[in-house]
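# Remarks on the overall topology
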Amino acid sequence: MTESSNGDKGALLYRLEGVGFQAGGRRIVGARGATAIDVLHDINMAARMCGRLLALRDGAILAACPPAKVMRGDVLAGIYGVGMGILEHPRTGAPIGYVE
């Protein structure tokens, strides 16, 4: 494995550990009827982990809704300012955003 791929693997493992932590926190928060706020810069991870998304661009709120309403090419293009597409996760069918 090259140094670059080791770094990539480390970054991925770090993100996956964060997902596990977030999932555990989400269960605790949900059981208590509370709200938790998390700041994520990966829209695919945010859509997977969160019940609602608040999307900002230049300090303006562009979307505040469930992930299914954000995970559309036109909405993501408005958020990121570049052409975006959506594909389905091969196992779960969840939407995945990508730059066109």
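In every chain, residue numbers begin from 1 and rise along the written sequence. Local features are withheld for residues below a pLDDT of 70 in this predicted model, meaning they are given only at 70 or higher, and side-chain atom pairs are given and counted only at 80 or more; totals for whole chains, interfaces and linings count all residues. To get the side-chain values, all heavy atoms of the structure are used, and hydrogens and water are removed first.

### Observations regarding unusual backbone geometry
Let me state the cut-off plainly: To qualify as a helix, a DSSP run of H or I must reach at least 4 residues; to qualify as a strand, a run of E must reach at least 2; elements of each kind are numbered from the N terminus. Working definition: with a 1.4 Å probe on protein chains only, accessible area under 20% of the residue-type maximum means buried, over 50% means exposed, and in between means partly exposed.
Phi at Asp 58 is positive, roughly 55 degrees, even though this residue is not glycine. Structurally, Asp 58 is set in the loop between β1 (53–57) and β2 (60–65). Taking the relative accessible area as the measure of exposure, Asp 58 reaches 78% and is therefore exposed.

### Some points on the layout of surface pockets
Applied cut-off: Put simply, the grid is 1 Å and covers the protein atoms alone, a cavity is a trapped set of points that fit a 1.4 Å probe, a pocket is an open set with protein on both sides within 12 Å along at least five of seven lines, and lining residues have an atom within 4 Å of a point. Grid points are joined across faces, edges and corners, and a volume is the space filled by probe spheres set on the points. Any residue that is not Ala, Val, Leu, Ile, Met, Phe, Trp, Tyr, Cys, Pro, Asp, Glu, Lys or Arg is counted as polar, Gly included; the first ten are nonpolar and the last four charged.
In this model, the second largest pocket occupies a volume close to 420 Å³. Surrounding the second largest pocket, 13 residues form its lining, Asn 44, Arg 48, His 89, Ala 94 and Ile 96 being those nearest its centre. When residues of the lining of the second largest pocket are traced back to their parent elements, those giving at least two are α2 (43–49), α3 (67–70) and β4 (95–99). Sort the elements by how many residues they give to the lining of the second largest pocket and α2 lands first, with four residues. When grouped by side-chain class, the residues that make up the lining of the second largest pocket number eight nonpolar, three polar and two charged.

### Focus: the confidence of the model for the protein chain
Low pLDDT means the predicted coordinates in that region are not meant to be read closely. What counts is decided by this rule: What pLDDT expresses is the predictor's confidence in each residue, scored from 0 to 100. By definition, residues are in contact when any of their heavy atoms lie within 4.5 Å.
Here the protein chain shows a mean pLDDT of 79. Residues at 70 or above account for 66%. Ignoring residues within four places in sequence, the model shows residues 1–5, a span with pLDDT below 50, making two contacts including any to other chains.

### Quick notes on the pairing of β1
Definition in use: At least two bridges found by DSSP between two strands are what make those strands a pair.
Where β1 meets β2, five bridges bridge the pair, whose relative direction is antiparallel. Each bridged residue has a counterpart across the sheet, and for Ala 55 the counterpart in β2 is Ala 63. Counting the residues between successive antiparallel strands, the hairpin from β1 to β2 contains two residues, one of them, Asp 58, with a positive phi of roughly 55 degrees.

### Regarding a nonpolar patch on the surface
As a reminder of what qualifies: Excluding any residue in a salt bridge, patches collect residues exceeding 30% relative accessible area, merging like charges within 9 Å and nonpolar Val, Leu, Ile, Met, Phe, Trp and Tyr side chains within 5 Å. With residues, only the protein chains shown are counted as cover, and all accessible areas are computed by Shrake-Rupley using a 1.4 Å probe. Any Lys or Arg side-chain nitrogen located within 4 Å of an Asp or Glu carboxyl oxygen qualifies as a salt bridge.
A cluster of nonpolar side chains, contributed by Leu 54, Leu 56 and Ile 61, occupies part of the molecular surface with about 310 Å² of accessible area. With respect to the helices, strands and loops of the structure, Leu 54 is situated in strand β1. Judged by relative accessible area, Leu 54 falls into the exposed class, the value being 52%.

### Points about the pattern of salt bridges
For side chains bearing opposite charge, pairing can occur when the charged atoms are close. Applying the stated criterion to the full structure yields one salt bridge. Residues Asp 74 and Arg 72 are paired through a salt bridge, measuring 2.6 Å at the closest nitrogen-oxygen approach. The class of Arg 72 is partly exposed, set by a relative accessible area of 41%.

### Some thoughts on the nonpolar core
This is how the line gets drawn: The nonpolar core is taken to be a set of buried Ala, Val, Leu, Ile, Met, Phe, Trp, Tyr and Cys residues, with the residues joined through side-chain atoms within 4.5 Å.
Core analysis: the biggest nonpolar cluster contains 13 residues, and Ile 43, Leu 53, Ala 63, Val 70, Met 71, Leu 76 and Ile 79 have the highest contact counts within it. For this core, the secondary structure elements donating two or more residues are α2, β1, β2 and α4 (73–80). With near-sequence residues (within four places) excluded, Ile 79 lies in contact with Ala 55, Leu 56, Arg 57, Leu 62 and Val 70.

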